[in-house]
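# Structural description and commentary
So the chains spell out like this:
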Amino acid sequence: MGRLSMPVVWSDTCLLHEAGGEVWIGRPIPGDELPERAVRIREALVAAGATVVEAHEQPDDALLAVHDERLLAFLRDAWSDWQAAGYPAAHGQGRIVPYIFAHLGLVGALEPMLPASPAARTGLFAFDTMTPIGPGTWPAARAAVDCALTACELVLAGAPAAYACARPPGHHVTRSAYGGSCYLNNAAIAAAHLRAAGWMRVAIVDIDAHHGNGAESIFRSCGDVLTASVHVDPATGWFPHFLVAGSDDAVANLNVPLAPHTGDEGWLAGVLRAAEEVASFDADAMVVALGVDAAAADPESPLAVSRDGFAEAGRRLGGLRLPTVVVQEGGYDLAAIGGLVLAALEGIEEGMG
Ligand code: SP5
Ligand code: ZN
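Computed from a predicted model, the values in this text were never measured in an experiment. (Residues numbered from 1 in each chain as written. Chains lettered and ligands numbered in written order. Predicted model: local features only at pLDDT ≥ 70, side-chain atom pairs only at ≥ 80, totals over all residues. Heavy atoms only, no water.)

Counting buried residues along strand β10 (residues 324-328), five of its five residues qualify, which places the element largely inside the surrounding structure. Side-chain alternation along β10 places Thr 324, Val 326 and Gln 328 on one buried face and Val 325 and Val 327 on a second face that is also buried. Pairing analysis gives four bridges linking strand β5 (residues 161-164) to β10, with the strands arranged parallel. Looking across to β10, one finds that Tyr 163 is bridged to Val 326. Bridge analysis of strand β9 (residues 285-290) against β10 gives five bridges, and the strand direction is parallel. Looking at β10, one finds that Val 287 is bridged to Val 325. For the segment spanning β9, helix α11 (residues 307-318) and β10, crossover handedness is right-handed. (Buried < 20%, exposed > 50% of the residue type's maximum accessible area, 1.4 Å probe, protein only. Helix = DSSP H or I, 4+ residues; strand = E, 2+ residues; numbered from the N terminus. Pairing = 2+ DSSP bridges. Right-handed = clockwise from strand over helix to strand, strands pointing away.)

This part is about the site of ligand 1. Lining the immediate environment of ligand 1, one finds 14 residues, of which His 172, Gly 180, His 210, Asp 293 and Tyr 332 sit closest. The separation between a nitrogen atom of ligand 1 and a polar side-chain atom of His 172 is 3.3 Å. Gly 180 places a polar main-chain atom, nitrogen or oxygen, 3.0 Å from a nitrogen atom of ligand 1. Protein contacts shield 75% of the accessible area of ligand 1, which totals 490 Å² for the unbound molecule. The class makeup of the residues in the shell around ligand 1 is six nonpolar, five polar and three charged. (Near = heavy atom within 4 Å. Polar contact = N/O pair within 3.5 Å; in protein donor to acceptor, adjacent residues only side chain to side chain. Areas by Shrake-Rupley, 256 points an atom, 1.4 Å probe, with all protein chains shown as cover. Nonpolar A, V, L, I, M, F, W, Y, C, P; charged D, E, K, R; others polar.)

Each protein donor to the zinc ion (ligand 2) is listed here as Asp 208 (OD), Asp 208 (OD), His 210 (ND1) and Asp 293 (OD); together their distances run 2.0 to 2.7 Å. Here the donor residues for the zinc ion (ligand 2) map to a single chain with the spacing D-x1-H-x82-D. For Asp 208, a relative accessible area of 1% translates into the label buried. Residue classification places His 210 among the buried residues on the basis of a relative accessible area of 6%. (Donors = N, O, S within 2.8 Å, 3.2 Å for Na, K, Ca; no water.)

Function-wise, these values are silent; they only describe arrangement.
This is the structure:
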């Protein structure tokens with residue numbers, strides 16, 4: 001195993017988001033999208049000789065291209081609005097969690113107005129109770145975008161690949177709604193930026209264990225950005241549940257839904273299918289949404305991929321020999337996360353030759 005050559009983009013600000021637990025079926029549970037995830041990954045990559053590059057502050061253009069301006073304004077102001085409304089002092093609630101949702105059955109298809117109550121406002125944008133907002137959430141989510149866009153900058157300047165060691169993750173966020181431990185869709189924003197910077201056809205390959213519903217939805221009617229996702233079939237009872245695999249109205253989309261307990265062989269066949277789709281799409285550049293929660297020991301998914309499986313997935317994606325921006329998504333086994341990400345990134349470099 002050689003040294004990892006691709007730059008690792010980092011921002012300390014990504015550590016500021018602390019969900020402080022999650023609410024599942026109405027119960028507070030610890031939650032596992034922790035700052036330490038990024039720290040562990042960085043440690044493993046540095047130990048393998050990687051160079052860490054500080055993220056630069058990036059403009060809002062690509063954010064605005066991907067997300068509804070109302071979602072961005074909500075996320076930016078949510079904490080100060082919550083504080084100003086007195087929820088931490090009056091109710092001892094130091095995190096923003098929705099209690100009512102702008103369910104389609106409640107508001108219909110017309111765009112609802114912004115509710116006056118900050119508690120209710122949350123339910124216009126959040127689609128679950130598992131994605132709390134605290135004082136550090138906006139700065140961290142925005143810094144994760146800076147990491148992804150800085151990785152784009154490096155690849156646009158000629159690096160074969162660059163890796164954004166960022167959190168919170170992003171791939172569940174649609175144009176106007178957040179959830180699944182995600183606030184801003186870092187990978188989609190990266191793809192939009194690469195497209196705007198002049199690569200005509202960009203592919204997003206999402207190998208996180210969960211369906212990359214966000215990018216699928218954002219680029220549904222966009223023929224220039226292919227979205228491909230390999231994931232545990234949401235129809236078998238796994239997050240994000242509602243999104244049906246194979247939604248065929250998307251212009252350029254491939255879903256590879258897998259049965260629970262799928263291991264290396266079935267998962268790699270899915271990754272290969274995604275790689276073939278990228279090749280036949282004739283992509284000029286690729287964004288890899290690299291979740292490593294498909295790993296066998298991960299608490300958030302029933303897939304059973306090995307470390308060698310992640311290395312082989314990397315080789316197959318690297319073998320496409322496209323300018324590649326890798327953005328961190330999920331992965332919740334702190335003991336394993338660094339080694340799994342390293343394996344995938346080394347695989348990408350080996351595949352690139
Ligand atoms: C980025 C990413 O991987 N997001 C996926 C988050 C999935 N979270 C789903 C949580 C489902 C409830 N888990 C409860 C565990 C109780 N032991
Ligand atoms: Zn995931």
